[in-house]
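# Analysis of the macromolecular model
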Amino acid sequence: METNNLNKKAKWLIKIVSKQMLSNKERDFIVELISEEARKTRAHYSFILHDVIESEKNSQIFIEGTKTALSNLLSVCKDNLTYKISYTRYGE
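What comes next is a walk through the structure. (Residues numbered from 1 in each chain as written. Predicted model: local features only at pLDDT ≥ 70, side-chain atom pairs only at ≥ 80, totals over all residues. Heavy atoms only, no water.)

### Here we look at the pairing of strand β2 (residues 47-54)
Definition in use: The pairing criterion for strands is at least two bridges between them, as found by DSSP. Secondary structure elements follow DSSP: runs of H or I of four or more residues count as helices, runs of E of two or more count as strands, with numbering from the N terminus.
Sheet topology note: the β2/strand β3 (residues 58-65) ladder contains seven bridges and is antiparallel. Within β3, the position partnered with Val-52 by the bridge is Ile-61. Connecting the antiparallel pair β2 and β3 is a turn made up of three residues.

What follows is the structure, given as C-alpha cells:
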C-alpha cells in the first residue's frame, strides 16, 4: 500500500541565496513574504514558520508542513524573488 507523501508533515529548510550582499530592505522583504504566507494560507497549504536565519548573502527559512505546502511556498518565492532557492528536509 502506497502512502501519500504530499499530505505527510515534515520539517523543511529553504535556502534563499544571493550572489551579492542583501540589503536590510531585501532581507526584510524575504521575511515579510514568508511570514505573510504562513499567516494567510489555509488547509493543506498551511505551514508553521519556525525560524528565519539571515546573513549577508542568504536567508535560511525553517518550516514545518506538507510537501504541498512546501511546493506552494516555493512557487510564491520564485514568483517574487530573483535569488537562487533550494530546499532540503531536516530533522528526521
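Let's pick the thread back up.
### Some remarks on the environment of His-44
Keep this limit in mind: The contact rule is simple, with two residues in contact once any of their heavy atoms fall within 4.5 Å.
The topology assignment puts His-44 in the loop between α1 (24-40) and β2. Distance in space between the C-alpha atoms of His-44 and Lys-25 is 31 Å, their sequence separation being 19 residues. Each residue touching His-44, except ones within four places of it in the same chain, is listed here: Thr-66, Thr-68 and Ala-69.

### A few points about the nonpolar core
Note the cut-off: By nonpolar core we mean a set of buried residues, namely Ala, Val, Leu, Ile, Met, Phe, Trp, Tyr and Cys, connected to one another through side-chain atoms within 4.5 Å. Burial classes follow relative accessibility: with a 1.4 Å probe on protein chains only, a residue under 20% of its type's maximum area counts as buried, one over 50% as exposed, and anything between as partly exposed.
Within the largest apolar cluster, 20 residues are counted, with the highest numbers of intra-cluster contacts made by Ile-14, Ile-16, Ile-30 and Ile-63. For this core, the secondary-structure elements that each account for two or more residues are β1 (10-17), α1, β3 and α2 (67-80). The leading source of residues in this core is α2, at six residues. Beyond its immediate stretch of four places on either side in the chain, Ile-16 contacts Ile-30, Lys-57, Asn-58, Ser-59, Ile-61, Cys-77, Leu-81, Tyr-83, Lys-84 and Ile-85.

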